[in-house]
Every structure is written in structure tokens, then in C-alpha cells.
Amino acid sequence: MADDAGFRQSRAYSSQIDKLLSDCMATPPRNELTRPQQNMAEELKNIMASLAVRECESPSALPRVTFSRHSRSQPRAPAIYQPGVVILGQGRKRGYFGPEVYEYDADNYLVLAVPLPAECEVIASPQEPMISMRLDVDAAMVADLLLAMGDNEPGMFPWPKGAIAPTPLTSDVREAATRLVRALSSPMDSRVLAPALARELLYRVLLGAQGGLLRALAVRHGDFARIADLLHRIHANYAMPLEIDDLASQAGMSPATLHRHFKAVTATSPMQYVKAIRLHKARMLMIADGIGVAMAASRVGYESPSQFSREYKRFFKTSPAADAAGWRASNTPIP
């Protein structure tokens, strides 16, 4: 009963942010930049390009910041979105999440509150590669900032509709990102300045239109945070037997309430989410590590290789062996 009452209360807040979240749908608006802002956008792109030194991901001197480069378009394909803030210097990406389509580019950044299986499409070319930076975010980082901000009642923020949203890149966020990449270009500045500048960037995002997505993570007993905690547990234990009753118990909810809250955040059911994570992990094992189909199936928790192959083909539209061979032959980074 308490779960249901909390759910009704949290949903009552949703009308307050309907207009804000409507900006997240389809193609977001482009910003008209002043000349100084254009110069900063160009600087941000150029420094990010210099730090994205190889195709796919390039680590930075700061562990929670990663740069990416894609020199050709990639068709829509299943992918795992990790929690964080994603800023593009150039190119475009589309994320397909349930019935919604989110597009983000150099004018619109992405905020993700929890790890989510979705589908991703990259729009890029050798002449204009897609260049991006991701700042990984967790609940402890958000809670620490909220405490410093004197934000003692994060629970007053409404239950977010989902856990992923693009938003226009404001001058404050662009300037903070530029200061961060400048520091990451220097070994000494990376050690001395970059941690504080990453914190500043997260602070600017928290103050922005989609800050509520991240603030919800800091509510340790809130429904959104309980689902977020459960998602992290699933990622840590995906190869173990996972049943809906056990997941509901871990979340402190009834199975029906868990299903309702879980789908509100992830656009899928708990067990479909578990299946998606297992299949993605198996794909990584086969493509990146060269592990065979049967071994990959076993490592991610499947007892039956034939069941694994059936579910893999249904999910990725191709057999596990053919998919792994095709990705390795194409030398294309896994989305």
C-alpha cells in the first residue's frame, strides 16, 4: 500500500514537467550562437577531436571522462547506454528508446540517469567524424554536489518520465565542458584542475533543464533511486539466476509495483531488461574477446546454448556466430 501511495504521489508531480520533457522528443531545436559562442564551440570540437585519438573510445587522464570518434555512419543497432552526460563536438547520434526517438548533436547534449538497453544510430563521415565526450555519473557524485549546493530536499523534484533526455547545450554547459577539455589536454592540468572542472560540468548540468533526472538518483529512498540501484545490481549479477520475486524484494516493492516503476524508467519489463543485458554482454564476449557461442552463453547465465541462439537471433536479427564474424570482419566498433 505504501508503494502504491508513493507512486500516486510521484505521478501527481508529472504535470509540472510535461512541457519540459516535450522538448526531449524527436529532433531537438538548434541554438542560434553568438560569435563568441561559435568560437568556443569550435574550440570545444577541436580539442575533443585531438583527445579522441582513435576510432570508438579513447580514455582520458581522468578515469570518468571518455572521448569517442566514429568516422562513418552506423545503422540503427542495439546498444547499452551508460549513466552520464554526453556532449558532441561534431556529428549526430539518434537513440531509439521504446517508442521515442532522441537526437543529439553539437547543439544538444544527452543526460542519462541509469544504464539502459536501447538502439543507437550514428550519423558521421570521414570528412566530419562524430566526436563526443562522456562524463560518467553516479548517485554519490550527485548527492555530494547537492549537499554542497544546500539542496536538502531533492525529493521535491518529480518522478522523471524515463531516464534519458537530450537538452539544448547552454553557454554555461559549453563553457564548463571547454574548460574541462582544455585541462585534459595538459598532463599537469589533468591532475590538478580536471577533477574540479568535471565537478563544475556536473554542477552546470544539475542546474539545467534535465538536472531533475540526476537529482532523482540522490533520493536514496525514492522510487527512481530504488530502480536505479536495482539496475546496477542487475549489471553486477546478470550471470546469476534472477527471478522477478527476488528483484522485487531487493527493490522493496511488490512484483506488480516493481513492474510499473521499472517500465516507467526503462520502457521495458524487469526480465526483458535482464535478457537484453545478458545478450549484449555475450555479444561483447564473442566480438571483443573471440569467445565461442556456447561459452559466451554460459558466461552470461544461459544453461541452454540453443535457447541463447534463438533469443540472440530474435534480438539482434542474426545468429550469434554470423553477428560476431560480421563485426570482426568489418572492423567496426561495437555501438
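Conventions adopted
- Residues numbered from 1 in each chain as written.
- Predicted model: local features only at pLDDT ≥ 70, side-chain atom pairs only at ≥ 80, totals over all residues.
- Heavy atoms only, no water.
- Helix = DSSP H or I, 4+ residues; strand = E, 2+ residues; numbered from the N terminus.
- Contact = heavy atoms within 4.5 Å.
- Expected span 1.5 Å × (residues − 1).
- Buried < 20%, exposed > 50% of the residue type's maximum accessible area, 1.4 Å probe, protein only.
- Arc of directions from axis to C-beta.
- Salt bridge = Lys/Arg side-chain N within 4 Å of Asp/Glu carboxyl O.

Visitor: Would you explain the environment of Tyr 238 in this entry?
Guide: For Tyr 238, the position within the fold is in the loop between helix 9 (223–236) and helix 10 (244–251). In the structure, Tyr 238 is positioned 40 residues away from Arg 278 in sequence and 6.3 Å away in space, judged by C-alpha atoms. Contact partners of Tyr 238, with chain neighbours within four places excluded, come to Ile 277, Arg 278, Lys 281, Arg 299 and Val 300.

Visitor: Is there a simple way to explain helix 11 (residues 255–266) in this structure?
Guide: Helical geometry: 3.6 residues make up each α-helical turn, so side chains three or four residues apart lie on a common side. Between its first and last C-alpha, helix 11 extends 16 Å over 12 residues, near the 16 Å set by a 1.5 Å rise per residue. Considered for burial, the residues of helix 11 that qualify are Thr 257, Leu 258, His 261, Phe 262, Val 265 and Thr 266. Seen from one end, helix 11 has its buried residues packed into an arc of 135 degrees, which puts them on one side. Backbone geometry just after helix 11 places Ala 267 at a positive phi near 65 degrees.

Visitor: Would you mind going over the pattern of salt bridges with me for this structure?
Guide: Between side chains of opposite charge, a pair can form as their charged atoms come close. Enumeration over the complete set of coordinates arrives at 15 salt bridges. For the salt bridge of Glu 121 with Arg 94, the shortest nitrogen-to-oxygen distance reads 3.4 Å. Residue Glu 121 is located in strand 8 (residues 116–123), and its partner Arg 94 is located in strand 5 (residues 92–97); the two are separated by 27 residues in the primary sequence. Between Asp 144 and Arg 199 there is a salt bridge, with the nearest N and O atoms lying 2.6 Å from each other. In this pair, Asp 144 sits in helix 4 (residues 139–149) while Arg 199 sits in helix 7 (residues 194–207), placing the two residues 55 residues apart along the sequence.

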